[in-house]
Amino acid sequence: MKTTTAQRRGVRRGTRALAVGVAAATALLALPVLGAAPAAALPSCTTTDRGAIPAAGRDNHQCVLGPGNQGVAVKALQKSLRDCNKQSIGVDGSYGPKTRQAVINVQRKAGLAQDGVYGPKTARAMLWSSGQSCRTYLSML
């Protein structure tokens, strides 16, 4: 069976359209979610600043906490989640499923992406335990 010139052109157009579609889809998958900083770009919070805010160092709140993290930064987060953000969790210094869910609850209430990972945007959305009161992130600085 012999193919006509019109048939060959149709196949070439279809192949080109498919290639363009695949390239566009691949490019979209490679783009980060708008407004989301890659977690790998920020260090883990290892200490606290101002006595209450998880930090990577003095005046450095550009850090993240997530499942598996442990220590004083997680304890500070848990205390503020419990005391100021009405989350029913213990304060044990271990970022487990209950801490993750508490962070998701805060993120949902604030209209943030709900990934359960604590970072700078979640910090700004939370209230922080400061002595006997709860304060906003900005008032803690």
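Asks: Outline the pairing of strand 4 (residues 133-136), listing residues and values.
Replies: Residues in a regular strand project their side chains so that they alternate between the two faces of the sheet. Alignment of strand 3 (residues 127-130) against strand 4, held across four bridges, turns out to be antiparallel. Looking at strand 4, one finds that Ser130 is bridged to Ser133.

Asks: Describe the pattern of salt bridges, with residues and values.
Replies: Taken as a whole, this structure holds four salt bridges when the rule is applied. With its nearest N and O atoms 3.7 Å apart, the salt bridge here joins Arg58 to Asp49. By relative accessible area, Arg58 is classed as exposed at 66%. You can call Asp49 buried: its relative accessible area is 3%. Put simply, Lys79, Arg82 and Asp83 are held in one network by salt bridges that share partners.

Asks: Pulling in residues and values, what's your account of unusual backbone geometry?
Replies: If a residue is not glycine, its phi is most likely negative; likewise, a peptide bond is most likely trans. For Asp59, which is not a glycine, the phi torsion comes out positive at approximately 60°. Structurally, Asp59 can be placed in the loop between strand 2 (53-55) and helix 2 (72-84). Backbone geometry places Lys86, a non-glycine residue, at a positive phi of 55°.

Asks: Describe the state of the cysteines, listing the residues and the values that go with them.
Replies: As enumerated under the stated definition, the model contains two disulfides in all. Note that Cys45 is cross-linked by a disulfide to Cys63, the S-S spacing being 2.1 Å. The chirality of the disulfide connecting Cys45 with Cys63 is right-handed, given an S-S dihedral of about 95°. With Cys45 in the loop between helix 1 (5-30) and strand 1 (47-49) and Cys63 in the loop between strand 2 and helix 2, this pair connects stretches of sequence that are 18 residues apart. As far as burial versus exposure is concerned, Cys45 and Cys63 are alike and both buried. Bridging Cys84 to Cys134, the disulfide has an S-S length of 2.0 Å. Across the S-S bond of Cys84 and Cys134 the torsion is about -80°, and the bridge reads as left-handed. Of this pair, Cys84 sits in helix 2 while Cys134 sits in strand 4, and the two are 50 residues apart along the sequence. By sequence-ordered numbering of the bonded cysteines, the protein chain has its disulfides arranged as 1-2, 3-4.

The rules behind the values
Residues numbered from 1 in each chain as written. Predicted model: local features only at pLDDT ≥ 70, side-chain atom pairs only at ≥ 80, totals over all residues. Heavy atoms only, no water. Pairing = 2+ DSSP bridges. Helix = DSSP H or I, 4+ residues; strand = E, 2+ residues; numbered from the N terminus. Salt bridge = Lys/Arg side-chain N within 4 Å of Asp/Glu carboxyl O. Buried < 20%, exposed > 50% of the residue type's maximum accessible area, 1.4 Å probe, protein only. Disulfide = S-S within 2.5 Å.

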